[in-house]
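Okay, here's what each chain looks like letter by letter:
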Amino acid sequence: MKDLIIKNMKESCPWQDSLLWFETIDSTNTRAKELASRGAPHGTVLIADHQTGGRGRRGRSFHSPAGTGIYLSVILRPHCAATELMHLTCAAAVAMCDAVETACGIRPGIKWTNDLVCGSRKLAGILTELGLAPGGGVDYAIIGIGLNCCQRESDFPEEIRGIAGSLHSVLGTEIDRSGVAAAMTDALWRMDQTLLTGRDALIAQYRKDCITLGRPVSIVTADGSVRHGIARDIDEAGALIVRLDNGSLETVNSGEVSIRGMYGYV
(Lines give C-alpha, C1' and ligand atoms only; values in the text may rest on other atoms or scores of the structure.)
Protein backbone atom coordinates (compact mmCIF):
# COMPACT_ATOMS: atom_id res chain seq x y z
CA MET A 1 0.00 0.00 0.00
CA LYS A 2 2.82 2.44 0.81
CA ASP A 3 4.31 2.03 -2.66
CA LEU A 4 0.91 2.66 -4.28
CA ILE A 5 0.36 5.80 -2.21
CA ILE A 6 3.78 7.19 -3.14
CA LYS A 7 3.19 6.29 -6.80
CA ASN A 8 -0.03 8.32 -6.76
CA MET A 9 1.52 11.35 -5.05
CA LYS A 10 2.69 14.34 -7.04
CA GLU A 11 6.43 14.29 -7.65
CA SER A 12 6.67 17.83 -6.31
CA CYS A 13 5.55 16.75 -2.82
CA PRO A 14 8.69 16.30 -0.68
CA TRP A 15 6.88 14.27 2.00
CA GLN A 16 7.20 11.01 0.06
CA ASP A 17 10.50 10.23 1.77
CA SER A 18 9.04 10.61 5.27
CA LEU A 19 5.85 8.58 4.80
CA LEU A 20 5.34 5.74 7.27
CA TRP A 21 2.79 2.96 6.66
CA PHE A 22 1.27 0.81 9.42
CA GLU A 23 -0.95 -2.23 8.96
CA THR A 24 -2.20 -1.76 12.53
CA ILE A 25 -1.55 1.00 15.05
CA ASP A 26 -3.18 2.20 18.23
CA SER A 27 -3.64 5.77 16.95
CA THR A 28 -1.75 7.65 14.27
CA ASN A 29 -2.04 10.85 16.32
CA THR A 30 -0.70 9.17 19.45
CA ARG A 31 2.25 7.71 17.55
CA ALA A 32 2.86 11.02 15.76
CA LYS A 33 3.08 12.83 19.10
CA GLU A 34 5.59 10.24 20.33
CA LEU A 35 7.70 10.65 17.19
CA ALA A 36 7.47 14.43 17.32
CA SER A 37 8.67 14.49 20.92
CA ARG A 38 11.71 12.46 19.79
CA GLY A 39 12.56 14.90 16.99
CA ALA A 40 10.72 13.55 13.93
CA PRO A 41 11.01 16.13 11.15
CA HIS A 42 8.43 18.43 9.65
CA GLY A 43 6.36 16.58 7.05
CA THR A 44 6.51 13.15 8.69
CA VAL A 45 3.32 11.39 7.55
CA LEU A 46 1.80 8.36 9.27
CA ILE A 47 -0.90 6.35 7.47
CA ALA A 48 -2.56 3.25 8.89
CA ASP A 49 -4.90 0.60 7.53
CA HIS A 50 -6.35 -0.06 10.99
CA GLN A 51 -6.43 1.75 14.33
CA THR A 52 -7.17 -0.05 17.58
CA GLY A 53 -7.54 3.20 19.53
CA GLY A 54 -8.52 5.88 17.03
CA ARG A 55 -9.28 9.17 18.76
CA GLY A 56 -11.65 12.01 18.00
CA ARG A 57 -12.38 15.31 19.70
CA ARG A 58 -13.38 15.53 23.38
CA GLY A 59 -11.99 12.05 24.12
CA ARG A 60 -14.30 10.21 21.74
CA SER A 61 -13.18 7.12 19.84
CA PHE A 62 -13.07 6.94 16.04
CA HIS A 63 -14.20 3.67 14.45
CA SER A 64 -11.16 2.57 12.39
CA PRO A 65 -11.58 -0.94 10.90
CA ALA A 66 -9.05 -2.48 8.52
CA GLY A 67 -9.43 -2.26 4.76
CA THR A 68 -12.09 0.45 4.68
CA GLY A 69 -10.70 3.88 5.58
CA ILE A 70 -7.62 6.08 5.60
CA TYR A 71 -6.23 7.04 9.00
CA LEU A 72 -3.53 9.67 8.56
CA SER A 73 -1.53 12.05 10.74
CA VAL A 74 1.17 14.53 9.78
CA ILE A 75 3.77 16.27 11.95
CA LEU A 76 4.29 19.96 11.25
CA ARG A 77 6.87 22.24 12.89
CA PRO A 78 5.68 25.78 12.18
CA HIS A 79 7.82 28.58 13.58
CA CYS A 80 5.15 30.59 15.35
CA ALA A 81 3.20 31.14 18.53
CA ALA A 82 0.22 28.92 19.31
CA THR A 83 -2.11 31.90 18.83
CA GLU A 84 -1.11 31.98 15.14
CA LEU A 85 -2.52 28.47 14.63
CA MET A 86 -6.07 28.99 15.87
CA HIS A 87 -7.23 28.33 12.31
CA LEU A 88 -5.30 25.04 11.92
CA THR A 89 -8.35 22.75 12.05
CA CYS A 90 -10.17 24.93 9.52
CA ALA A 91 -7.17 24.87 7.18
CA ALA A 92 -6.93 21.08 7.47
CA ALA A 93 -10.66 20.70 6.75
CA VAL A 94 -10.36 22.78 3.56
CA ALA A 95 -7.35 20.69 2.51
CA MET A 96 -9.33 17.48 3.00
CA CYS A 97 -12.21 18.85 0.90
CA ASP A 98 -9.63 19.59 -1.79
CA ALA A 99 -8.26 16.04 -1.51
CA VAL A 100 -11.64 14.34 -1.82
CA GLU A 101 -12.54 16.54 -4.76
CA THR A 102 -9.25 15.68 -6.47
CA ALA A 103 -9.50 11.94 -5.83
CA CYS A 104 -13.24 11.39 -6.22
CA GLY A 105 -14.74 14.34 -8.07
CA ILE A 106 -17.07 15.47 -5.26
CA ARG A 107 -16.49 18.20 -2.72
CA PRO A 108 -17.77 17.48 0.80
CA GLY A 109 -19.09 20.14 3.11
CA ILE A 110 -17.67 20.96 6.52
CA LYS A 111 -19.70 20.86 9.71
CA TRP A 112 -18.02 23.32 12.07
CA THR A 113 -15.47 22.77 13.08
CA ASN A 114 -13.89 19.48 12.09
CA ASP A 115 -16.30 17.07 10.34
CA LEU A 116 -16.43 16.43 6.60
CA VAL A 117 -19.99 15.64 5.59
CA CYS A 118 -22.06 14.76 2.57
CA GLY A 119 -25.77 15.24 2.99
CA SER A 120 -26.37 14.49 6.65
CA ARG A 121 -23.65 11.82 6.92
CA LYS A 122 -20.19 12.22 8.44
CA LEU A 123 -17.38 11.12 6.11
CA ALA A 124 -14.36 12.19 8.16
CA GLY A 125 -13.19 13.71 11.41
CA ILE A 126 -10.15 15.86 12.07
CA LEU A 127 -8.16 16.09 15.31
CA THR A 128 -5.42 18.73 15.67
CA GLU A 129 -3.02 18.81 18.62
CA LEU A 130 -0.13 21.11 19.55
CA GLY A 131 3.08 20.56 21.49
CA LEU A 132 4.65 23.67 22.99
CA ALA A 133 8.34 24.43 23.25
CA PRO A 134 9.85 25.53 26.61
CA GLY A 135 9.91 29.15 25.42
CA GLY A 136 6.19 29.10 24.70
CA GLY A 137 6.26 28.79 20.92
CA VAL A 138 4.97 25.79 18.96
CA ASP A 139 7.30 22.78 19.01
CA TYR A 140 5.04 20.71 16.77
CA ALA A 141 1.50 20.51 15.42
CA ILE A 142 -0.25 17.23 14.63
CA ILE A 143 -3.10 17.02 12.13
CA GLY A 144 -4.97 13.72 12.25
CA ILE A 145 -7.71 12.65 9.83
CA GLY A 146 -9.91 9.58 9.73
CA LEU A 147 -11.73 9.29 6.38
CA ASN A 148 -14.33 6.64 5.64
CA CYS A 149 -13.73 5.29 2.14
CA CYS A 150 -15.15 1.85 1.39
CA GLN A 151 -17.66 1.14 4.16
CA ARG A 152 -21.16 -0.09 3.50
CA GLU A 153 -23.81 0.88 6.04
CA SER A 154 -23.62 -2.56 7.65
CA ASP A 155 -19.89 -2.03 8.32
CA PHE A 156 -20.59 0.69 10.88
CA PRO A 157 -21.51 -0.09 14.49
CA GLU A 158 -25.25 0.10 14.95
CA GLU A 159 -25.03 3.17 17.19
CA ILE A 160 -23.51 5.32 14.40
CA ARG A 161 -25.23 3.90 11.30
CA GLY A 162 -27.59 6.86 11.14
CA ILE A 163 -24.69 9.30 11.29
CA ALA A 164 -21.69 7.83 9.48
CA GLY A 165 -21.21 7.62 5.73
CA SER A 166 -18.40 6.81 3.33
CA LEU A 167 -17.14 7.82 -0.09
CA HIS A 168 -18.48 4.52 -1.41
CA SER A 169 -21.94 5.16 0.03
CA VAL A 170 -22.00 8.60 -1.63
CA LEU A 171 -20.60 7.59 -5.02
CA GLY A 172 -21.77 3.99 -5.27
CA THR A 173 -18.44 2.94 -6.77
CA GLU A 174 -15.28 1.24 -5.53
CA ILE A 175 -12.82 3.63 -3.91
CA ASP A 176 -9.07 3.52 -4.55
CA ARG A 177 -7.77 4.17 -1.05
CA SER A 178 -4.18 4.60 -2.22
CA GLY A 179 -5.26 7.41 -4.54
CA VAL A 180 -7.29 9.04 -1.77
CA ALA A 181 -4.37 8.81 0.69
CA ALA A 182 -2.02 10.33 -1.89
CA ALA A 183 -4.43 13.21 -2.53
CA MET A 184 -4.78 13.80 1.23
CA THR A 185 -1.01 14.00 1.66
CA ASP A 186 -0.57 16.28 -1.35
CA ALA A 187 -3.35 18.59 -0.13
CA LEU A 188 -1.86 18.86 3.36
CA TRP A 189 1.51 19.72 1.86
CA ARG A 190 -0.04 22.47 -0.25
CA MET A 191 -1.95 23.75 2.80
CA ASP A 192 1.30 23.90 4.75
CA GLN A 193 2.78 26.29 2.17
CA THR A 194 0.24 28.99 3.03
CA LEU A 195 -0.74 28.06 6.58
CA LEU A 196 0.77 31.18 8.14
CA THR A 197 0.83 33.54 5.15
CA GLY A 198 -2.51 32.76 3.51
CA ARG A 199 -4.88 32.57 6.45
CA ASP A 200 -7.46 34.96 4.97
CA ALA A 201 -7.80 32.87 1.81
CA LEU A 202 -8.04 29.64 3.82
CA ILE A 203 -10.79 31.06 6.02
CA ALA A 204 -12.63 32.44 2.98
CA GLN A 205 -12.69 28.96 1.44
CA TYR A 206 -13.72 27.46 4.78
CA ARG A 207 -16.74 29.78 4.84
CA LYS A 208 -17.72 28.54 1.36
CA ASP A 209 -17.41 24.90 2.42
CA CYS A 210 -19.02 25.24 5.86
CA ILE A 211 -22.57 23.89 5.86
CA THR A 212 -23.18 25.16 9.41
CA LEU A 213 -23.56 28.79 8.37
CA GLY A 214 -27.11 30.08 8.14
CA ARG A 215 -28.58 27.12 10.01
CA PRO A 216 -30.20 26.75 13.45
CA VAL A 217 -27.68 25.42 15.95
CA SER A 218 -27.42 24.47 19.59
CA ILE A 219 -24.25 25.21 21.55
CA VAL A 220 -23.42 22.79 24.36
CA THR A 221 -20.62 24.00 26.65
CA ALA A 222 -18.39 22.00 29.00
CA ASP A 223 -20.65 22.70 31.97
CA GLY A 224 -23.64 21.23 30.12
CA SER A 225 -25.48 24.48 29.45
CA VAL A 226 -27.24 24.81 26.08
CA ARG A 227 -27.91 27.92 24.01
CA HIS A 228 -29.74 28.15 20.69
CA GLY A 229 -29.27 30.45 17.72
CA ILE A 230 -28.36 30.83 14.05
CA ALA A 231 -24.76 30.33 12.84
CA ARG A 232 -23.80 33.56 11.08
CA ASP A 233 -20.09 33.62 10.26
CA ILE A 234 -16.57 32.27 10.80
CA ASP A 235 -14.03 34.75 12.18
CA GLU A 236 -10.36 35.00 11.15
CA ALA A 237 -9.32 32.49 13.83
CA GLY A 238 -11.89 29.91 12.73
CA ALA A 239 -14.35 30.54 15.56
CA LEU A 240 -18.10 30.29 14.87
CA ILE A 241 -20.17 33.43 15.32
CA VAL A 242 -23.75 32.68 16.40
CA ARG A 243 -26.72 35.02 16.68
CA LEU A 244 -28.44 33.71 19.82
CA ASP A 245 -32.19 33.60 20.21
CA ASN A 246 -32.00 36.61 22.55
CA GLY A 247 -30.43 38.67 19.73
CA SER A 248 -26.87 38.78 21.06
CA LEU A 249 -23.80 37.55 19.17
CA GLU A 250 -21.59 34.85 20.64
CA THR A 251 -18.17 33.75 19.38
CA VAL A 252 -17.78 30.00 19.87
CA ASN A 253 -14.24 28.65 20.09
CA SER A 254 -14.96 25.29 21.69
CA GLY A 255 -17.76 23.01 22.80
CA GLU A 256 -20.32 21.04 20.84
CA VAL A 257 -22.36 22.71 18.11
CA SER A 258 -25.31 20.68 16.85
CA ILE A 259 -27.13 21.46 13.61
CA ARG A 260 -30.84 20.85 13.44
CA GLY A 261 -31.52 17.89 11.14
CA MET A 262 -28.03 16.36 11.42
CA TYR A 263 -26.65 13.52 13.55
CA GLY A 264 -30.05 12.86 15.07
CA TYR A 265 -30.53 16.38 16.42
CA VAL A 266 -34.13 17.54 15.91
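Moving on, we come to the packing of helix α3 (residues 88-104) against helix α6 (residues 199-209). Remark: α3 packs on α6, axes separated minimally by 9 Å, with the N-to-C direction vectors making an angle of 65°. Seen from above, α3 lies across α6 with left-handed handedness. Residues C90, A91, A93, V94 and C97 of α3 form the contact with α6, whose own contacting residues are L202, I203, Q205, Y206 and D209. Class assignment for the residues of the contact of α3 with α6 results in eight nonpolar, one polar and one charged.

Most of strand β2 (residues 44-48) sits inside the fold, with five of its five residues counted as buried. Burial along β2 is two-sided: T44, L46 and A48 facing one way and V45 and I47 facing the other are all buried. As for the winding sense of the linkage, the β-α-β connection from strand β1 (residues 19-22) through helix α2 (residues 28-37) to β2 is right-handed. Here five bridges tie β2 to strand β3 (residues 69-76), and the two strands are oriented antiparallel to one another.

Those residues of α2 lying buried are T28, N29, A32, L35 and A36. The arc that holds every buried residue of α2, seen down its axis, measures 120°, which confines them to one face. For α2, the elements touching its buried residues are β1, β2, β3, β6 (121-132) and β7 (138-148). One side-chain oxygen of the residue at the start of α2 lies 3.3 Å from the amide nitrogen of N29, identifying that residue as S27. Looking one or two residues beyond α2, the residue adopting positive phi is G39, at roughly 100°.

To continue, consider unusual backbone geometry. For residues other than glycine, phi is negative in most cases, and the peptide bonds are mostly trans. Omega for the peptide link from W112 to T113 comes to 5°, which places this bond in the cis form. Among the secondary structure elements, T113 is positioned in the loop between β4 (109-111) and β5 (115-118).

Before going further, it helps to examine the side chain of D192. You can see D192 is positioned in helix α5 (residues 177-194). Here D192 occupies a buried position and makes no salt bridge, while the nearest side chain of opposite charge, R77, is found at 11 Å.

Mapped onto the elements of the fold, D245 is located in the loop between β10 (240-244) and β11 (249-252). A relative accessible area of 62% means that D245 is categorised as exposed. Considering only alpha carbons, one finds D245 and P216, 29 residues apart in sequence, at a separation of 9.8 Å. When sequence neighbours within four positions are dropped, the list of residues in contact with D245 reads H228 and G229.

Let us now look at the state of the cysteines. According to the stated counting rule, one finds zero disulfides in the structure shown. Note on C90: no disulfide assigned, nearest cysteine sulfur contributed by C210 at a separation of 7.9 Å.

Reading the values: the criteria
- Residues numbered from 1 in each chain as written.
- Predicted model: local features only at pLDDT ≥ 70, side-chain atom pairs only at ≥ 80, totals over all residues.
- Heavy atoms only, no water.
- Axes fitted to C-alpha atoms, helices over the stretch in contact; angles between N-to-C directions.
- Helix = DSSP H or I, 4+ residues; strand = E, 2+ residues; numbered from the N terminus.
- Left-handed = near helix turned anticlockwise from the far one by under 90°.
- Contact = heavy atoms within 4.5 Å.
- Nonpolar A, V, L, I, M, F, W, Y, C, P; charged D, E, K, R; others polar.
- Buried < 20%, exposed > 50% of the residue type's maximum accessible area, 1.4 Å probe, protein only.
- Right-handed = clockwise from strand over helix to strand, strands pointing away.
- Pairing = 2+ DSSP bridges.
- Arc of directions from axis to C-beta.
- Polar contact = N/O pair within 3.5 Å; in protein donor to acceptor, adjacent residues only side chain to side chain.
- Lys, Arg positive; Asp, Glu negative; His and termini not counted.
- Salt bridge = Lys/Arg side-chain N within 4 Å of Asp/Glu carboxyl O.
- Disulfide = S-S within 2.5 Å.

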